[in-house]
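Residue-level listing of the chains:
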Amino acid sequence: MSSSVLLRHTLITVLPALLVLNGCASGQTAAREEAALASELAPARKPQWGIVIHGGAGTIRRESLTPEREAEVRAKLTEALQAGHAILTRGGSSLDAVSAAIRILEDSPLFNAGKGAVFTHDGRNELDAAIMDGKTLNAGAVAGMHHVKNPIELARKVMEKSPHVMMVGEGAEAFAKQEGLELVPAEYFRTEERWQQLQRALEKEKASPAQPPSSAGLAATGDDKFGTVGAVALDQAGNLAAGTSTGGLTNKRYGRVGDSPIIGAGTYANPRCAVSATGHGEYFIRFTVAHDICARLEYLDLPLQEAANSLVMEVLVKAGGEGGVIAMDAHGNVAMSFNSPGMYRGSMGQDGAPHVAIFRE
Ligand code: ASP
């Protein structure tokens, strides 16, 4: 044993005993000091960088997903992971990795973001997105977009090229134009599948008009899959980022904004923790889910998975809020928690192996 190792060993084993013997600390305080000392002396563990994504949570059951559709979803999630991972591998930022992964999912009609977004009550696609830089707490968010092809890119522009955090509607689209982002005709976002989903939701609503507007057209239409997309990442420099993009909820009232673009509700990142959520947005807003997970990590010292579960499996379940989250902490720990039957999700760490899952495996 070298003398420094011997010294560490002596300090770790003897110091707490001395503290207790001397009566200068309670047993609990001594144990805490022991843990603090041990972690101070332990060789610093290098954070495991990587990326985690989701493609929405909800009633995704094996029997309702054809093998072809499942293969398509898995392939697209893998492609998004690889795009983000490639950026992280070459030392790129977590913000770039998050944007790249989300962009791919926005361009795919398989998910409820960008092309393939769900329809509002009046038959339009209205898109929301947000991105947040954990290192600086800078954030950008947009809501109510009808023509911006990739809302996540506009959220990034709001963060980097404006003094604001959130922009909505026509003003945000004018800003997109000014920044040279790609604008598309409203029909670009339309898919027949989503249109039919709206028709079923409208019929359902007509049959039982007493439903609260926030859940109208979801449960019992068989269409209560959310399909929002999101990503969190930790880069080699140790910085976290989070982003989320969505069309919102089928049959939402025009002008309704969900949790995805609300910083602290559906999207949040700080130097220790990054979260992106999917699910019934009204609940995620009320319980400021994304921020609360990070707060529990920080104030209660909970491990990431426990912090995520306490919100998703306890607080939200009790309130009746369906959905899930993906999260990463600054050590590279990953958490994916959902209280719905399924959540499209995936992760890729330093080893570059994609892990994609849909059901509660
Ligand atoms: N959270 C989104 C919203 O309420 C929907 C979703 O996750 O699919 O707008």
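Refer to the structure presented above.
Residues numbered from 1 in each chain as written. Predicted model: local features only at pLDDT ≥ 70, side-chain atom pairs only at ≥ 80, totals over all residues. Heavy atoms only, no water.

Undergrad: Residue-level account of the site of the ligand, with values.
TA: Near the ligand there are 13 residues, and of these F226, T228, R256, D259 and G279 occur at the shortest range. In this structure, R256 approaches the ligand through a side-chain N or O atom, which is 2.8 Å from an oxygen atom. A distance of 2.7 Å separates a nitrogen atom of the ligand from a polar backbone atom of G279. Across the complex, the protein chains shield 100% of the 270 Å² of accessible surface that the ligand would expose by itself. By residue class, the composition of the shell around the ligand is two nonpolar, nine polar and two charged. (Near = heavy atom within 4 Å. Polar contact = N/O pair within 3.5 Å; in protein donor to acceptor, adjacent residues only side chain to side chain. Areas by Shrake-Rupley, 256 points an atom, 1.4 Å probe, with all protein chains shown as cover. Nonpolar A, V, L, I, M, F, W, Y, C, P; charged D, E, K, R; others polar.)

Undergrad: Could you give an account of the state of the cysteines, with specific residues and numbers?
TA: As used here, a disulfide is simply a covalent bond connecting the sulfur atoms of two cysteines. Counted according to the given criterion, the structure contains one disulfide. Bridging C273 to C294, the disulfide has an S-S length of 2.2 Å. In this structure the cystine formed by C273 and C294 twists about its S-S bond by roughly -75 degrees; its chirality is therefore left-handed. Placement of C273 in strand β8 (residues 273–279) and of C294 in helix α9 (residues 289–299) is noted, with a sequence separation of 21 residues between them. Summarising the burial analysis for this pair, C273 and C294 share the class buried. (Disulfide = S-S within 2.5 Å. Helix = DSSP H or I, 4+ residues; strand = E, 2+ residues; numbered from the N terminus. Buried < 20%, exposed > 50% of the residue type's maximum accessible area, 1.4 Å probe, protein only.)

Undergrad: Go over helix α4 (residues 94–107) with me, naming the residues and quoting the values.
TA: For α4, spanning 14 residues, the distance from its first C-alpha to its last is 20 Å, which sits close to the expected 20 Å at 1.5 Å a residue. Within α4, 11 of the 14 residues are buried, which leaves the element mostly enclosed by the surrounding structure. Within the sequence span of α4, burial applies to S94, L95, A97, V98, S99, A100, A101, I102, I104, L105 and E106. Here the buried face of α4 lies against β1 (50–58), α3 (67–89), β2 (127–133), α5 (151–161), β5 (229–234) and β6 (240–246). (Expected span 1.5 Å × (residues − 1). Contact = heavy atoms within 4.5 Å.)

Undergrad: Explain the nonpolar core to me, using residue names and the numbers behind them.
TA: Core analysis: the largest hydrophobic core is formed by 50 residues, its most contacted members being I51, I53, L77, F111, L154 and Y344. Among the elements that line this core, the one with the most residues is α4, at eight residues. Apart from residues lying up to four places away in sequence, L77 is in contact with I53, G55, L105, F111, Y344, R345 and V356. Ranked by size, the runner-up nonpolar core spans 33 residues in total, among them A242, Y268, A274 and M343. (Core = buried A, V, L, I, M, F, W, Y, C linked by side-chain atoms within 4.5 Å.)

Undergrad: How would you explain unusual backbone geometry if you had to name every residue and give the values?
TA: The backbone of N251 shows a phi angle near 70 degrees, a positive value even though the residue is not glycine. Mapped onto the elements, N251 comes out in the loop between β6 and β7 (267–269). By relative accessible area, which is 0% here, N251 ends up buried. Its identity is not glycine, yet D301 carries a phi of approximately 60 degrees, on the positive side. Here D301 shows up in the loop between α9 and α10 (304–319). The exposed category is assigned to D301, whose relative accessible area is 65%.

Undergrad: Before we move on, can you summarise the sheet that holds β2 with the specific residues and values?
TA: With mixed pairing, eight strands are arranged side by side in an open sheet as β4-β3-β2-β6-β5-β1-β11-β12. Of all the strands in the sheet, just β4 (166–168) and β12 (354–359) have a single pairing partner and so form its edges. For this sheet, the mean angle separating the axes of adjacent strands, direction not counted, is 10 degrees. Pairing of strand β11 (residues 342–349) with β12, which is carried by five bridges, proceeds in the antiparallel orientation. Looking at the pairing, M348 lines up with P354 of β12. Here helix α6 (residues 169–178) sits on the sheet in contact with β3 (139–145) and β4, set at roughly 105 degrees to β4. (Pairing = 2+ DSSP bridges. Axes fitted to C-alpha atoms, helices over the stretch in contact; angles between N-to-C directions.)

Undergrad: Give a detailed account of the packing of aromatic side chains, specifying residues and quantitative values.
TA: Per the counting criterion, the structure on display carries three aromatic pairs. Ring geometry for Y188 and F189: centres 5.1 Å apart, planes at 80 degrees, overall edge-to-face. Residue F189 is classed as buried on the basis of its relative accessible area, which comes to 0%. Its guanidinium or amino end placed over the ring of Y188, K115 lies 5.0 Å from that ring's centre, counting from NZ or CZ. The ring of Y283 is capped by R286, whose NZ or CZ atom sits 5.1 Å from the centre of that ring. (Phe/Tyr/Trp six-rings, centres within 6.5 Å; stacked < 30°, edge-to-face > 60°. Lys NZ or Arg CZ within 6 Å of the ring centre and 35° of its normal.)

Undergrad: Break down the sheet that holds strand β10 (residues 334–338) for me, citing the residues and quoting the values.
TA: What the four strands build is an open sheet, ordered β7-β8-β9-β10; its pairing is antiparallel. Two strands close off the open sheet at either side, each with one partner strand: β7 and β10. Ignoring strand direction, the axes of neighbouring strands in this sheet form an average angle of 10 degrees. The sheet contact formed by β8 and strand β9 (residues 323–329) spans seven bridges and is antiparallel. Counterpart to G279 in the pairing with β9 is G323. Sheet strands in contact with α10 are β8, β9 and β10, and its direction is about 15 degrees off that of β10.

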